Amino acid sequence: MSIRLIEGLHLTATQKRHLAEIIAQGWTEGHSGRFRYSVAPIEGDPSRFRYHWRKSERDDWGRPVTREGRGIIECLPAPG
């Protein structure tokens, strides 16, 4: 299974792999390390999903902040 970014900012290969695994398991949420992911199927297009990731970290002054990313991905079957 491969993930193709349709809308949103860059996703790393690791993030794509995590999203693919969440979708393959049939889950709507998952986490890996400090990243938390959620996915939701788009009605009318079974191969596309809305994603949202969150990462907790600290700013330069030690205050907690949350980085986020949202967009749309397409989940394609593995070639072969």
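Residues numbered from 1 in each chain as written. Predicted model: local features only at pLDDT ≥ 70, side-chain atom pairs only at ≥ 80, totals over all residues. Heavy atoms only, no water.

1. Quick word on the pairing of strand E5 (residues 64-76)
To keep things clear, this is the line we draw: Following DSSP output, two strands are said to pair if at least two bridges run between them. Per the convention used, a helix needs a DSSP run of H or I reaching at least four residues, while a strand needs a run of E reaching at least two, with both numbered from the N terminus.
When strand E1 (residues 2-8) meets E5, the two strands line up antiparallel, connected through 6 bridges. When the bridges of E5 are listed, Ile-3 appears paired with Cys-75. Both strand E4 (residues 45-58) and E5 contribute to a ladder of 11 bridges, which runs antiparallel. Bridging across to E5, Lys-55 finds its partner in Arg-67. Connecting the antiparallel pair E4 and E5 is a turn made up of 5 residues, with Gly-62 showing a positive phi of about 85°.

2. Some thoughts on the packing of aromatic side chains
Selection criterion: The pairing test for Phe, Tyr and Trp rings, Trp by its six-membered ring, is centres within 6.5 Å, and the orientation test on the planes gives stacked under 30 degrees, edge-to-face over 60, and tilted for anything in between. Note on classification: 1.4 Å probe, protein chains only; a residue is buried when its accessible area is under 20% of the maximum for its type, exposed when over 50%, partly exposed between these limits.
Tallied over the full model, the rule gives 2 aromatic pairs. A ring pair is formed by Phe-35 and Tyr-37, whose centres lie 6.1 Å apart and whose planes are at 15°; its orientation type is stacked. Note on accessibility: Phe-35 and Tyr-37 belong to one class, buried. Feature note: the residues Phe-35, Tyr-37 and Trp-53 constitute an aromatic cluster, connected by ring pairs.

3. Thoughts on the nonpolar core
Heads up, the rule is: Nonpolar core, defined: a set of buried Ala, Val, Leu, Ile, Met, Phe, Trp, Tyr and Cys residues in which side-chain atoms within 4.5 Å join the residues together. A contact between two residues is defined here by any heavy atoms of the two lying within 4.5 Å.
Membership of the largest hydrophobic core comes to 14 residues, with the highest contact counts inside it found for Leu-19, Ile-23, Tyr-51 and Ile-73. The element contributing the most residues to this core is helix H1 (residues 13-25), with 4 residues. Beyond its immediate stretch of four places on either side in the chain, Ile-23 contacts Met-1, Ile-3, Val-39, Phe-49, Ile-73 and Cys-75.

4. Digging into the environment of Ile-23
Looking at the secondary structure, you find Ile-23 in helix H1. Assessed through its relative accessible area of 14%, Ile-23 is described here as buried. Separated by 16 residues in the primary sequence, Ile-23 and Glu-7 place their C-alpha atoms 18 Å from one another.

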